[in-house]
Amino acid sequence: MRILIVNVNWIGDILFSTFLIRCIKKSFPNSYLLTLVPENGAKLLEGNPYLDGIIEFDPFSERGFTGFDISLIRKLRSYNFSHSLHLHRSLSRKCYAYFGGIKNRIGYNEKLNSFLLTQSLTSQRDRVHRALYYFNLGSVINIADDSNGLDIFIRDEELERAREVLASHKIDRFCLMHIGANWQAKRWPFDYYSELINLIINKYNIKVLLTGTGQDVQGADYIVAHSNPEVLSLAGKTTLRELISLIKLSQVSITVDSAPLHIAAAFKKPLIGIFGPTDDKLTGPFRPEGKTIILKENIDCSIPCYKDICPYDYICMRKVKPQSVLNAVGKVLR
């Protein structure tokens, strides 16, 4: 079989797809397996031994047929794929598979564009963990669940460069706090981070390292200004691969429901996840083997909630207090 996994956009969800990728290759070791993935997510899959290749995709080409990438269709045709598994519900990605000559196109019957599929399954979205939701598409080709979690791979030279960065700041043991999230409702209050940093540095012999994207720099600056001066912010200063290396080297990671949470889980590292509008049973750490604590508070709202603007001032996140996170840090460090 020659199989194309038509991947999703978000980094964390792309990481969820590694469970499917590995199980396909284990079930069919002689298969030729590639994934079509947005450019920003390709770095996450570097070094994955279960993939025979990565086809990078410009998601901006999906904005109307004026941006339709004819060269991508030619490329897909050249691979002569027998199957495509559609993790993304995009119309244009189904069109690419159709015009790319892929005979068996498998996905969920979730949108009106499912007519482009040759086999559609009843949607399980928000009923099973997202990694299983992707994996279950593989049931059509009879793949087996190997009972393991997610995969991420890092090279020794990448880890060594990260160690050099840490050494330049005199950092040995450290707690990594990732303050970023892909939408506002999942963010934890900046004041809470400042309070937590002060509590951790005062109680434990460990440094605190802040990370985030370029969009998080202003928030990180606010946190640093109101925290113990020993805290270091690398927000907006790391590539994805550098962030992965830092997570691998950390003693504990603290993050909301975002990609670094799942990277830490894939590495079997100690981690603390702060959850509010999302459900950890659906998008939490998938089969983590390291010390893992999920913090969330019961509220009257329906979870998962996908409102970016909350009429209740994001109470689900604000109810998780810094002292609760500090207590969790103590448990995982032990």
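Remember, it's a predicted structure, so these values are computed and weren't measured experimentally.

Undergrad: Just to check I follow, could you spell out the packing of helix α7 (residues 190–203) against helix α13 (residues 322–333) for this structure?
TA: Each pair of packed helices gets described by two things: the angle between the helix axes and the distance between those axes. Taken N-terminus to C-terminus, the directions of α7 and α13 make an angle of 35°; their axes are 9 Å apart at the nearest point. Handedness of the α7/α13 crossing: right-handed. Across the interface between the two elements, Y192, E195, L196, L199, I200 and K203 from α7 touch P322, Q323, V325, L326 and V329 from α13. A breakdown of the residues in the contact of α7 with α13 according to their chemical character gives eight nonpolar, one polar and two charged.

Undergrad: Where do I start with the sheet that holds strand β10 (residues 252–256) in this structure?
TA: The strands making up a sheet associate through hydrogen bonds between their backbones, and the pairing can be parallel or antiparallel. Here we have six strands laid out as an open sheet, ordered β9-β8-β7-β10-β11-β12, and parallel in their pairing. Looking along the sheet, the strands with just one partner apiece sit at the ends: β9 (232–233) and β12 (292–295). Two elements, strand β8 (residues 207–211) and β9, share two bridges in a ladder whose sense is parallel. Of the residues in β9, the one forming a bridge with L210 is S233. The strands touched by α7 are β7 (174–178), β8 and β10; relative to β7, the strand with the most contacts, the crossing angle is about 175°.

Undergrad: Sorry, what's going on with empty space enclosed by the protein here?
TA: If you walk through the whole model with that rule in mind, you get one cavity of 30 Å³ or more. Looking at the largest cavity, its volume works out to about 50 Å³. As for the largest cavity, its lining consists of H86, L87, H88, R89, K94, G107, Y108, E110, K111 and N113. Tallied by class, the residues present in the lining of the largest cavity amount to two nonpolar, four polar and four charged.

Undergrad: Honestly, the layout of surface pockets in this entry has me stumped. Any pointers?
TA: Gaps left between atoms are located by rolling a probe of water-molecule size over the structure's atoms. Volume-wise, the second largest pocket comes out at about 220 Å³. Taken together, E158, R161, A162, V165, L234, K237, T238, T239, R241, E242, S245 and L246 form the lining of the second largest pocket. Those elements that place two or more of their residues in the lining of the second largest pocket are α6 (156–168) and α9 (240–249). Classifying every residue of the lining of the second largest pocket by side-chain character gives four nonpolar, three polar and five charged.

Undergrad: Would you take a moment to explain helix α4 (residues 91–99) for this structure?
TA: Within an α-helix, residues lying three or four positions from one another point in the same direction, as the helix has 3.6 residues per turn. By the burial criterion, the buried members of α4 are S92, R93, K94, C95, Y96 and A97. Each element contacted by the buried residues of α4 is listed here: β1 (2–6), β2 (32–38), β3 (53–57), α3 (70–79), β4 (83–86) and β5 (104–108). At the exit of α4 stands G101, carrying a positive phi of roughly 80°.

Undergrad: Looking at this structure, I do not really get the nonpolar core. What am I missing?
TA: When a protein is soluble and globular, its nonpolar side chains tend to lie buried together. Membership of the largest hydrophobic core comes to 57 residues, with the highest contact counts inside it found for I24, L44, L150, I152, L209 and I263. The element that contributes the greatest number of residues to this core is helix α1 (residues 11–27), accounting for nine residues. Each residue touching L44, except ones within four places of it in the same chain, is listed here: I11, I14, L15, I152, L240, R241, I244 and I263. Membership of the second largest hydrophobic core comes to 33 residues, among which are A181, I206, L210 and I254.

Undergrad: Help me understand unusual backbone geometry, please; the structure alone is not making it clear to me.
TA: Put simply, I303 and P304 share a cis peptide bond, and its omega is 5°. Here P304 shows up in the loop between β12 and α12 (315–318). Residue N142 is not a glycine yet carries a positive backbone phi of 65°. Mapped onto the secondary structure, N142 falls in the loop between α5 (130–135) and α6. Judged by relative accessible area, N142 falls into the exposed class, the value being 61%. Even without glycine at this site, Y314 takes up a positive phi of about 55°. The exposure class assigned to Y314 is buried, which follows from its relative accessible area of 19%.

Rules and cut-offs
Residues numbered from 1 in each chain as written. Predicted model: local features only at pLDDT ≥ 70, side-chain atom pairs only at ≥ 80, totals over all residues. Heavy atoms only, no water. Axes fitted to C-alpha atoms, helices over the stretch in contact; angles between N-to-C directions. Helix = DSSP H or I, 4+ residues; strand = E, 2+ residues; numbered from the N terminus. Left-handed = near helix turned anticlockwise from the far one by under 90°. Contact = heavy atoms within 4.5 Å. Nonpolar A, V, L, I, M, F, W, Y, C, P; charged D, E, K, R; others polar. Pairing = 2+ DSSP bridges. 1 Å grid on protein atoms, 1.4 Å probe; cavity = no way out; pocket = protein on both sides within 12 Å on 5 of 7 lines; lining within 4 Å. Points joined across faces, edges and corners; volume = space filled by probe spheres on them. Buried < 20%, exposed > 50% of the residue type's maximum accessible area, 1.4 Å probe, protein only. Core = buried A, V, L, I, M, F, W, Y, C linked by side-chain atoms within 4.5 Å.

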